[in-house]
Structure formats: C-alpha cells, structure tokens
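# Understanding the architecture of this molecule
Spelled out, the chains give:
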Amino acid sequence: MMARGVSVIVSSCGHDLTPSLMRAVGSQISPQGDRITVFLNRQQSTQLLQDVASTGRVAVVFSEPHSHRTVQLKSRQARLREVTPDDVPALQRYLRAMQGELGRIGLAPDFAAAMLAHRFDDLSAIEFTPAQAFDQTPGPNAGQPLREGAIPAIMATCAADGTPNVAYISQVFYVDERHVALSFQFFNKTRQNILAHPRATVLLLHPVTAQFYRLHLRYLRTETGGPVFESMKAQLAGIASHSGMASVFVLRGADVYEVLAIERLDGQPLPTAAPRCSLLGALRRGSTRLAQATTLAAALEATLQTLEQEMEIPHAMVLILDPATQRLYTVASRGYATSGVGSEIALGDGVIGVAAREGTPVRIMHMTSAYLYSQAVRSGLEDRGLLDVPACTEIPYPGLPEPHSQLAVPLRSAGRVLGVLFVESPQDLRFSFEDEDLLVTLGGQLAAAIDLMQEEPEAAAATGDGEATLTALPQGPALQVRYYPANGSVFIDNAYLIKGVAGAILWKLLRDHQRSGRSEFSNRELRLDTSLGLPDVADNLEARLLLLSRRLQEQCPKLCIEKTGRGRFRLCVGGPVELQAVA
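Rules of the game
Residues numbered from 1 in each chain as written. Predicted model: local features only at pLDDT ≥ 70, side-chain atom pairs only at ≥ 80, totals over all residues. Heavy atoms only, no water. Helix = DSSP H or I, 4+ residues; strand = E, 2+ residues; numbered from the N terminus. Buried < 20%, exposed > 50% of the residue type's maximum accessible area, 1.4 Å probe, protein only. Areas by Shrake-Rupley, 256 points an atom, 1.4 Å probe, with all protein chains shown as cover. Pairing = 2+ DSSP bridges. Expected span 1.5 Å × (residues − 1). Arc of directions from axis to C-beta. Axes fitted to C-alpha atoms, helices over the stretch in contact; angles between N-to-C directions. Parallel < 35°, antiparallel > 145°, perpendicular 65-115°, else oblique. Left-handed = near helix turned anticlockwise from the far one by under 90°. Contact = heavy atoms within 4.5 Å. Salt bridge = Lys/Arg side-chain N within 4 Å of Asp/Glu carboxyl O. Polar contact = N/O pair within 3.5 Å; in protein donor to acceptor, adjacent residues only side chain to side chain. Core = buried A, V, L, I, M, F, W, Y, C linked by side-chain atoms within 4.5 Å.

With that out of the way, let us pick up the overall build of the protein chain. On a plain count of helices and strands, the protein chain comes out with 13 helices and 30 strands. Taken across its 583 residues, the protein chain has 53% of its residues classed as buried. With an accessible surface of roughly 25500 Å², the protein chain has 52% of that area assigned to carbon and sulfur atoms.

Laid out in structure tokens, this is it:
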C-alpha cells in the first residue's frame, strides 16, 4: 500500500514538545524496504524541518483515501537531505498515484495537482529507517503496533518524552473566532498525549481550492453536552447510522481547543468559486409564499417551490414526526422518480432521524468521504471480532441513490420537533453555512404554520348521518379493502396502501360510507373518536389526512379525499368497495 503512493502526512516535535505537521508531496521506499524518503515543500514545512534536524524524531502516516486503511511509522534517527534530479521520477509517480486515489472519492485530477503543487528548488527530503509501525486505521484499535504487516488508517501531538504522533480525526468543528472543537471518540494515543501535554497541530485542506491551513492549538476542556457537542454528535450519528455503526461510532466528547495561530501555507491553490448572490432575497420571497398558504398542502408546496426556484435545490422532502410511533413519515417531496410519500424513517436513523432526535441541523458536505471513514471503523471492528451487526441494519440513503451532500433541519415550534425539512444533492460541498441558516429560518416558519393550522377552529361534527342520500356508484369490479387493526395497515386489491392512524382513519371513513352513504366528514369528529388512536397532544391530523390523500392519488384513484372547508373534507368513492377486517 505504501509503495503505491498513498496520502502521506509527516510530523515531528521540537524540544518544547510543540508538534509540527505537514503533508508530503511525494514518497519513496528503497528496494529493500528498509529506507523511506518523504518530500516536502520547504517554505510550507520550515518548523517541521527544523524539528527533524534538531531532534531526529519523525512520525509519518500513509493512508489510502478511498478506504482509510492507514499505517504510521516512527523513527528517532531521521535526517534531512537535498533533492536531486534522480528523485523526479518518484515525485511524478506519486502524483499520478494520488490522482488515481483521489479520483476514487470523486476529486478531480487538478485538485490533486493543486494539493501537491511544488517547485523543485523548494523541495527538501527526509530519510529514515522505521523503528516502529502502528495500525492507524480509524477506530478503537488505532495506535496498536502492527504484528502481521500493514493492516490498516491530520492531527499531530507529542508524548511526554517528545515522540510525535499523527492521527486522523473525523471532525474539526468551528466554535467561534478563537476556538475549534475536535471529536473525541476513542481513548487512544492522541488522547493520552493531549491530557499529558495540551498542545496540538492540525492540518486542514480547503475542500474547493486545495489550499492548506495549519492550526496551532491548545487543549482547554472536553464538553459532553451543550450546542457544540449536540451538533457534532448529530453529524457523526447521521453518518454512522448509514453503516450500522450508530451504537458504536458515537461521540464521547467535544474537545475544545484555543486557536493559538493559523498559518495559510504557500502553494498553488485552485480558483475560488464565484460568490453567490445574497440569499436574503430568496428567504423573503419564500416567506411571502408561506404567509399566503391557507392549507398544509399549500404550505408544503410553497416551501419546496422556494427551495427549487430560489435556491436551486431540486431534491427535497418534508417529513412529519409521529410522537406515538417515534417515526417520521414523508408528506411531500420534490425531484425524485417516485414521490416517496408515506415512506418512514425511525427516529435516530440517518441524517433525517438524527436531526429529529437531537433537534439540531445535520449538514454533511462530502458524503462519500464521511461514509468511507465510518465504514473503515466498522471493518476494523468486524475484522477483530468486536462487532456483529446484521446486514439488515444497513439503512439506505433516502431519495438519491448516491448523495454527496445532505442537510436535514428539524421543524421546531413551541419547543417541540414536528418533523424535518431535508435536502440533498449529487454534488459535493453543495450546502453552505448560509444554506443551513436559510433552511433553519424557512423551516421555523413552516413549523409555525403547521402548528397554526392544527389550532384553527373547526366546524362542528356532521349531523343527520342516518339520513344521508345514497348515490349510485359506477359499476365495475369492487375494490377489495383489507384492514389489519393490529397496526392499522390497509391493503387495496392486495397492494399495500398505508398503516397507523392514517390507515385507521381510512377504515372509519369507508365503513361509515358503506353503512350510511356518508361522504362529508370533519376533523373534529375524528379527534373525538378514541378508536383512531390519535395522540392527545400534537396529533398532526392535518398532516395525516394529507398523507392519506396523496397515497390514494398515487395508488388508488377510485378513492379520494377532498378538502371542503376549514376542518371539513369529503370522501369520494368511485366504485363498489368490499371491506374485510383481518384479526
């Protein structure tokens, strides 16, 4: 793996135990495998080269980007040497190999070229013979000595004796202008080093321009609650659930660091993206649409229309939380081959379920990379017999088969989570902080509209049920409607339609229509019918009726529900119906 030319990170440590860190632009292994050379840009690595020259200590990590298989080598006898023309073929081979590797995770060749850009006269080489080798693949066993070869995994720390250590971390979270938070998931060598000596160096790569930034940090504290911890926890859990790792790949704490200095390293970055127009106008137009909505269906349509037309987000869905079952069900969507209306997601599953459970937005910028990181941890645990998760726990991504960016925003009103507004894209880095801010604001207005529609005065229950006039129905084969009271499931002509409270509502409407010919109903009478199992608080009846109406439109056009006024609706039956309750 190392000889193939994978990602190479180099670290050292000064006499003051401050770690230094930089990415290599090339590497080479001697034919005998006993001597390793790494090449660095001199101007970007001034402190690192000084540390190697004065201490001889070095830690080098070799990592395969598409799988996160990683090995770390250490030495106390590294030395510097000049780069000669004989090294040029090795540098060229390394660039080609990295372009191939990064292409496997969706990054273009010019991104790799910008990331590894160098001038020959600015290069310096470090040579060393490895004294120690460690498995550094992300997971609880990262940092264990290698015993059976390179079985795989950018943060540098130093042990109390001055030995540098490099580790990959899953999250660097912006807290404020002076602080960042790093994810604490496993108690490993990095954690031990930080508790013994609270200095760290983190190397960041701009995801668009391939510009390097180096952060010099001082550890302050570990938070296990609060907004920073909850946001990091939600993002981590959203990814982990997709690989069946929700119970293992969890955040133990948010390590908060003071940012002592930030270095913007010289290089040849790619051009920045063109600035986007202000989103405030888009929010205003979307807010106007929502304010004009008088029904739940209109409010949902206004929201999805704003996303598509004002923000150029064609793939979106809205899900409502059922407090009784702790599941979210889709009531509206846009941009998919099938609407997905009626599909369900359990609370805590995927980015949607996690956003609802934690009550905080979950934004994932590079789905492929994050998913592979989680899978690398899972594979390592399974290989060691530490994890036995059946394949059925794998949760398919909702909507797009291969999303690269996802953003889930909880719909909150009066301190409660009513549902989730979810968007996704096949592009990496599609959703920015500004997109998140806009969706949170738009979602808050949608949630308030949902709450308001639930609280509107309703018409009194219909009267004179027994005197309803029976109308002749079109002739033809009767619809076979089968109902299972145990879970409210309804099947029409052996095809599944809906379940839960919405299924119980449809069964009531059809029975009343068959017994007395009724077609006019009210929300109030449904709320008074205890047999339907509506919750006493936040029953989301409007959403359930909308869901039922749309499922009938898609699956059974002979039956439909029409809104006839505030708190009133009509059941339209376009043919004979045979009802069967199954115990």
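Here we take up the pairing of strand 29 (residues 568–573). Burial of strand 29 is one-sided: the residues Phe569, Leu571 and Val573 facing one way are buried, the residues Arg568, Arg570 and Cys572 facing the other way are not. Where strand 27 (residues 520–522) and strand 29 come together, 3 bridges link them in antiparallel fashion. Along strand 29, the bridge assignment pairs Ser522 with Arg568. One ladder, built from 6 bridges, connects strand 28 (residues 559–565) with strand 29; its direction is antiparallel. Within the sheet, the bridge partner assigned to Ile561 lies in strand 29 and is Leu571.

The next subject is helix 6 (residues 280–292). One turn of an α-helix holds 3.6 residues; hence residues three or four places apart share an orientation. Compared with the 18 Å implied by 1.5 Å per residue over 13 residues, the 19 Å span of helix 6 between its first and last C-alpha is a close match. Looking at helix 6, one finds that the buried residues are Ala282, Leu283, Gly286, Arg289 and Leu290. Projected onto a plane normal to the axis of helix 6, the buried residues spread over an arc of 125 degrees and lie on a single side. Facing away from the buried side of helix 6 by more than 90 degrees, the exposed set consists of Leu280, Arg284, Ala291 and Gln292.

Let's shift gears to the packing of helix 6 against helix 7 (residues 296–310). Packing of helix 6 against helix 7 leaves a shortest axis separation of 9 Å and a crossing angle of 160 degrees. Put simply, helix 6 runs roughly antiparallel to helix 7. Relative to helix 7, helix 6 is oriented so that their crossing is right-handed. Where helix 6 approaches helix 7, its residues Ala282, Arg285, Gly286, Arg289 and Leu290 are matched on the opposing element by Ala299, Ala302, Thr303, Gln305, Thr306, Gln309 and Glu310.

Another point: the pattern of salt bridges. Close approach of charged atoms lets side chains of opposite charge pair. Summed over the entire model, instances satisfying the criterion amount to 31 salt bridges. Between Glu310 and Arg289 there is a salt bridge, with the nearest N and O atoms lying 3.1 Å from each other. Residue Glu310 is located in helix 7, and its partner Arg289 is located in helix 6; the two are separated by 21 residues in the primary sequence. Several salt bridges share partner residues, and in doing so they unite Arg35, Arg79, Arg81, Asp87 and Glu127 into one network.

Let us now look at the sheet that holds strand 14 (residues 179–184). Paired through their backbone hydrogen bonds, the strands of a sheet run either parallel or antiparallel. Read from one edge of the open sheet, 7 strands run 12-11-15-16-17-14-13, paired in antiparallel fashion. In the strand order of this sheet, the two ends are held by strand 12 (164–167) and strand 13 (172–176), each with one partner. Each strand axis lies, on average, 35 degrees off the axis of its neighbour in the sheet, ignoring direction. Alignment of strand 14 against strand 17 (residues 253–264), held across 6 bridges, turns out to be antiparallel. Within the sheet, the bridge partner assigned to Ser183 lies in strand 17 and is Ala254. Relative to strand 11 (residues 155–158), helix 4 (residues 189–196) is tilted by about 55 degrees, and along the sheet it contacts strand 11, strand 12, strand 14, strand 15 (199–205), strand 16 (212–223) and strand 17.

On to the side chain of Asn165, then. On the secondary structure map, Asn165 appears in strand 12. What makes Asn165 buried here is its relative accessible area of 3%. Within polar-contact distance, the side chain of Asn165 engages the side chain of Gln72 at 3.3 Å. Filtering out sequence-adjacent residues up to four positions away, Asn165 remains in contact with Ser11, Ala59, Gln72, Lys74, Met155, Ala156, Thr157, Lys189, Thr190 and Asn193.

All right, on to the nonpolar core then. Soluble globular proteins tend to pack their nonpolar side chains together in the buried interior. Leu307, Leu439, Ile505 and Leu559 are the most contacted members of the largest nonpolar core, which has 68 residues in total. Ranked by size, the runner-up nonpolar core spans 42 residues in total, among them Val58, Ile105, Ala114 and Met115.

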